[in-house]
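# Structure at a glance
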Amino acid sequence: MEKRVFCGIDPGRTGGIGIIDLAGKFVFCQRWSEKNPVSALYILNRPDIDRVYLEVISSFTKETTTGQIVRNQSTLVNFGLWQGFILAA
């Protein structure tokens, strides 16, 4: 019988993907690669992944610098990419 694992995703700009087994022990992790985002799809295609959990994020506007607003928009784009990768896998 194949060992099953859980996958958790932080879709933030510097987030990543982590995999643990049923006992909660570390199996694998990798940071998000803006230069090679498709590499995430290969990870999600692991045959032993039982469930995928994607952190729900929200973008909000504050009276801060433009850089903060752009960073939030980037997070939303990454969230959409991760949703697509999960559906494709």
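Since the structure is predicted, the reported quantities are computational estimates derived from the model, not experimental observations.

### Looking at the side chain of D21
The residue D21 is located in strand β2 (residues 16-21) in this model. Side-chain polar atoms of D21 contact the backbone nitrogen of A23, separated by 2.9 Å. At 2.8 Å, the side chain of D21 forms a polar contact with the backbone nitrogen of K25. Leaving out residues up to four positions away in the same chain, D21 has contacts with K3, R4, V5, F6 and V27.

### Section: the pattern of salt bridges
Two side chains carrying opposite charge are able to pair once their charged atoms lie near each other. Under the criterion given, the structure shown has 4 salt bridges. Here K3 makes a salt bridge to D21, at a shortest N to O gap of 3.2 Å. With K3 in the segment before β1 (5-10) and D21 in strand β2, the pair connects residues that are 18 residues apart, well separated along the chain. Salt-bridge contacts for R46 lead to D48; the nearest nitrogen and oxygen are separated by 2.7 Å. Taken together, the salt bridges that share partners define one network made up of R4, D50 and R51.

### As for the nonpolar core
By size, the foremost hydrophobic cluster in this structure holds 13 residues, and its most contacted members are C7, I9, I17, I19, L44, W82 and F85. Taken together, the elements giving at least two residues each to this core come down to β1, β2, α1 (39-44) and α2 (66-88). The element that contributes the greatest number of residues to this core is α1, accounting for 4 residues. With residues near it in sequence (within four places) discarded, I19 still touches V5, F6, C7, K25, F26, V27, F28, I43, R46 and I49.

### Re empty space enclosed by the protein
This model, assessed by the stated rule, comprises 1 cavity of 30 Å³ or more. By volume, the largest cavity is sized at about 50 Å³. In this structure, the largest cavity is lined by I17, Q30, R31, W32, S33, N36, P37, S39, A40, I43 and W82. When contributions to the lining of the largest cavity are tallied by element, the ones reaching two or more residues are β3 (26-31) and α1. Of the residues forming the lining of the largest cavity, the biggest block, 3 residues, is contributed by α1. Of the residues that constitute the lining of the largest cavity, the class distribution is 6 nonpolar, 4 polar and 1 charged.

Conventions adopted
- Residues numbered from 1 in each chain as written.
- Predicted model: local features only at pLDDT ≥ 70, side-chain atom pairs only at ≥ 80, totals over all residues.
- Heavy atoms only, no water.
- Helix = DSSP H or I, 4+ residues; strand = E, 2+ residues; numbered from the N terminus.
- Polar contact = N/O pair within 3.5 Å; in protein donor to acceptor, adjacent residues only side chain to side chain.
- Contact = heavy atoms within 4.5 Å.
- Salt bridge = Lys/Arg side-chain N within 4 Å of Asp/Glu carboxyl O.
- Core = buried A, V, L, I, M, F, W, Y, C linked by side-chain atoms within 4.5 Å.
- Buried < 20%, exposed > 50% of the residue type's maximum accessible area, 1.4 Å probe, protein only.
- 1 Å grid on protein atoms, 1.4 Å probe; cavity = no way out; pocket = protein on both sides within 12 Å on 5 of 7 lines; lining within 4 Å.
- Points joined across faces, edges and corners; volume = space filled by probe spheres on them.
- Nonpolar A, V, L, I, M, F, W, Y, C, P; charged D, E, K, R; others polar.

That's the geometry; what it means functionally is another story.
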